Amino acid sequence: MAGYNLEAIEAAPLKEDVDIVIPTIRSLNFLEQWRPFLKHYHLIIVQDGDPSINIGVPEGYDYELYNRNDINRILGPRANCISYKDGGCRCFGFMVSKKKYIYTIDDDCFVANDPSGKEINVIAQHIKNLETPSTPHYFNTLYDPFRDGTDFVRGYPFSLREGVKTAISHGLWLNIPDYDAPTQLVKPRERNIRYVDAVMTIPKGVLYPMCGMNLAFNRELIGPAMYFGLMGEGQPISRYDDMWAGWAAKVVCDHLGFGVKTGLPYVWHSKASNPFVNLKKEHKGLHWQEDMVPFFQNLRLSKESDTAAKCYMELSNMTKEKLTEVDPYFEKLADAMVAWIEAWEELNPPVDGKDVKAR
């Protein structure tokens, strides 16, 4: 598509504008395989669990490492909004970053190969997705019209072809699929070997299950809404932190007029987690999602909520009002959402008193 220099994006994928956020409990040896693609980027590593454990990082990387002691020191009484012993701790890295874009990845994900055998540059593809518009108001049957070799099909209204800013790029995974515990138990040997060469915009008003393993987003547009909910130790639920963030962020994107893409790029997910452990972590979420999803499908944000932060504060009130009847946990979650926004705004004051507003 004219006006979007995709070759330039691939050749120099905005290394000064991207932070890589990695949650972990172990040494990051997996970064050796990622070196050709990540060596020029700044890493924000969020150490979960015991802060006395030494986390090894391969030489040559530019990184910051935060553990629970750092989180407590920086956030003070609001530190309890950051999950403990749960991958949701990664959102602390979103908060302390100062870059336009965030790419977050799990430490059991590796570089994948496309069908030709070429290693996939996930950063380049995510940046392409984020730097080109989304089309949430009308579905294009050739998927993303801003990719090379495609365009809008006949019958696509010209008035909608400008698209909207893209806030989130949701990548996928080869090998181990992102299944819940019951599906893992039923299909223990199933592997995803299907490489679908497609990127598509998720339509406005449609939710999706967002996985945090291979995810990029525009922090300036949607950062305050990318809160991976309070879960893990001390909470009755886990493994739904990214789901909560995905549902909330999609509703906020729809309200503010931003888009969400899913599809390419792929990573190689190397390790299947224990389905019996997962079932213990997920069992409440498996029930509660039948209430959480309709909650997000039916809520409407007010016109006064014209930034991601304002949207999220309003959403916290709705969470307390509507979901506390499902379980008292949601009152605690709603309070954590408020603490999250307060901490975000303290660490990220609007530039010149301004914030990114709806179109």
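Residues numbered from 1 in each chain as written. Predicted model: local features only at pLDDT ≥ 70, side-chain atom pairs only at ≥ 80, totals over all residues. Heavy atoms only, no water.

Caption draft 1: The side chain of Asp-48, seen in detail. With respect to the helices, strands and loops of the structure, Asp-48 is situated in the loop between β2 (42-47) and β3 (62-66). No salt bridge is formed by the buried Asp-48; its nearest oppositely charged neighbour, Arg-68, is found at 5.5 Å. Engagement of the side chain of Asp-48 in a polar contact is seen with the backbone nitrogen of Asp-86, the distance being 2.6 Å. Not counting residues within four places of it along the chain, the set of residues in contact with Asp-48 comprises Thr-24, Ile-25, Ser-83, Tyr-84, Lys-85, Asp-86 and Cys-89. (Helix = DSSP H or I, 4+ residues; strand = E, 2+ residues; numbered from the N terminus. Buried < 20%, exposed > 50% of the residue type's maximum accessible area, 1.4 Å probe, protein only. Lys, Arg positive; Asp, Glu negative; His and termini not counted. Salt bridge = Lys/Arg side-chain N within 4 Å of Asp/Glu carboxyl O. Polar contact = N/O pair within 3.5 Å; in protein donor to acceptor, adjacent residues only side chain to side chain. Contact = heavy atoms within 4.5 Å.)

Caption draft 2: Quick look at the pattern of salt bridges. Enumeration over the complete set of coordinates arrives at 17 salt bridges. A salt bridge links Arg-78 to Glu-342; its shortest N-O distance comes to 3.2 Å. With Arg-78 in the loop between α3 (68-75) and α4 (91-96) and Glu-342 in helix α11 (residues 329-347), this pair connects stretches of sequence that are 264 residues apart. By relative accessible area, Arg-78 is classed as partly exposed at 25%. Through salt bridges that share partners, Arg-78, Glu-342 and Glu-346 make up one connected network.

Caption draft 3: Layout of α3. Every buried residue of α3 is accounted for by Arg-68, Asp-70, Ile-71 and Leu-75. The arc that holds the buried residues of α3, viewed along the axis, is 155°, so those residues lie on one side. Against the buried residues of α3 lie β2, β3, α4 and α11. For α3, the N-terminal cap is Asn-67; the gap from its side-chain oxygen to the backbone nitrogen of Asn-69 is 2.9 Å. Directly beyond the C-terminal end of α3, a positive phi value near 60° is found at Gly-76. (Arc of directions from axis to C-beta.)

Caption draft 4: Highlighting the nonpolar core. Ranked by size, the top nonpolar core spans 69 residues in total, and within it Ile-168, Ile-222, Met-226, Tyr-227, Trp-244, Tyr-312 and Trp-340 carry the most contacts. Aside from chain neighbours lying at most four places away, what touches Tyr-227 is Cys-81, Cys-91, Asp-241, Trp-244, Ala-245, Tyr-312, Leu-333, Ala-336, Met-337 and Trp-340. Core analysis: the next-biggest nonpolar cluster, separate from the first, contains 35 residues, Cys-109, Ala-112, Trp-173 and Val-267 among them. (Core = buried A, V, L, I, M, F, W, Y, C linked by side-chain atoms within 4.5 Å.)

Caption draft 5: Here's a closer look at the environment of Tyr-195. Checked against the element boundaries, Tyr-195 lands in the loop between α6 (181-186) and β7 (199-201). Counting along the chain gives 38 residues from Tyr-195 to Pro-157, while the straight-line C-alpha distance between them is 30 Å. When sequence neighbours within four positions are dropped, the list of residues in contact with Tyr-195 reads Asp-114, Pro-115, Ile-120, Leu-174, Leu-264 and Tyr-266.

Caption draft 6: Seen up close, unusual backbone geometry. Here Leu-264 and Pro-265 are connected by a cis peptide whose omega angle stands at 5°. The residue Pro-265 is located in strand β9 (residues 259-269) in this model. Here the phi dihedral of Asn-175 falls at roughly 80°; this positive angle occurs in a residue that is not glycine. Position of Asn-175 among the secondary structure elements: in strand β6 (residues 166-175). The backbone of Arg-239 sits at a positive phi, close to 65°, despite the residue not being glycine. The topology assignment puts Arg-239 in the loop between α7 (219-222) and α8 (241-256). You can call Arg-239 partly exposed: its relative accessible area is 25%.

Caption draft 7: Structural context of the packing of helix α9 (residues 275-298) against helix α10 (residues 308-323). With their axes 11 Å apart at the nearest point, α9 and α10 run at an angle of 130° to one another. Here α9 lies oblique to α10, going by the angle between them. Considering how the two elements wind past one another, α9 and α10 form a crossing that is right-handed. Contacts between α9 and α10 involve Asp-291, Met-292, Phe-295 and Phe-296 from the former and Leu-315, Met-318, Thr-319, Lys-322 and Leu-323 from the latter. (Axes fitted to C-alpha atoms, helices over the stretch in contact; angles between N-to-C directions. Parallel < 35°, antiparallel > 145°, perpendicular 65-115°, else oblique. Left-handed = near helix turned anticlockwise from the far one by under 90°.)

Caption draft 8: The arrangement of the side chain of Asn-348 in detail. Inspection of the secondary structure assignment puts Asn-348 in the segment after α11. A polar contact of 3.0 Å, which involves the side chain of Asn-348, links it to the backbone oxygen of Met-95. At 3.1 Å, the side chain of Asn-348 forms a polar contact with the side chain of Lys-98. Not counting residues within four places of it along the chain, the set of residues in contact with Asn-348 comprises Met-95, Ser-97, Lys-98 and Arg-219.

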